[in-house]
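A closer look at the structure
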Amino acid sequence: MFGFFKSGSGKPACPTAPRPNGPPALAAKRPRLPEATPDRAELIRQAVAIHRCKQTVLDHLSDEQRAKLLVLAMRTLMNQGHEPEDGR
């Protein structure tokens, strides 16, 4: 159950290797963004590293914990801006 949360190999779900930009035809249509300043590039690298570390927390959850987290997330998204009806 909820096998899509697991990476299957025991490794983090998001790979550390850079992703390809897709087919050359699609990559050629993308506008070229200006290069980030060294400070901004470092902040982005740090943010990506933190995101990867936190993502691995999901790998250690049991199926029951994953199911509870999924229900909690769905309730939160469905009730955005509204008070819960059941008083919780």
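What comes next concerns the included structure. (Residues numbered from 1 in each chain as written. Predicted model: local features only at pLDDT ≥ 70, side-chain atom pairs only at ≥ 80, totals over all residues. Heavy atoms only, no water.)

Opposite charge on two side chains permits pairing when their charged atoms draw close. Considering all chains together, one arrives at three salt bridges under this definition. Of the charged contacts in the structure, one is a salt bridge between Glu42 and Arg45, with a shortest N-O distance of 3.2 Å. Note that Glu42 and Arg45 are positioned in helix 2 (residues 38-55) at a spacing of three residues, about one turn of the helix. In this structure Glu42 comes out as partly exposed when scored by relative accessible area, which is 34%. The partner of Arg66 in a salt bridge is Asp63, and the shortest N-O contact between them spans 3.7 Å. Taken together, the residues span about one helical turn, with Arg66 and Asp63 both in helix 3 (residues 63-78) at a distance of three residues. Take Arg66: its relative accessible area is 3%, and that puts it in the buried class. (Salt bridge = Lys/Arg side-chain N within 4 Å of Asp/Glu carboxyl O. Helix = DSSP H or I, 4+ residues; strand = E, 2+ residues; numbered from the N terminus. Buried < 20%, exposed > 50% of the residue type's maximum accessible area, 1.4 Å probe, protein only.)

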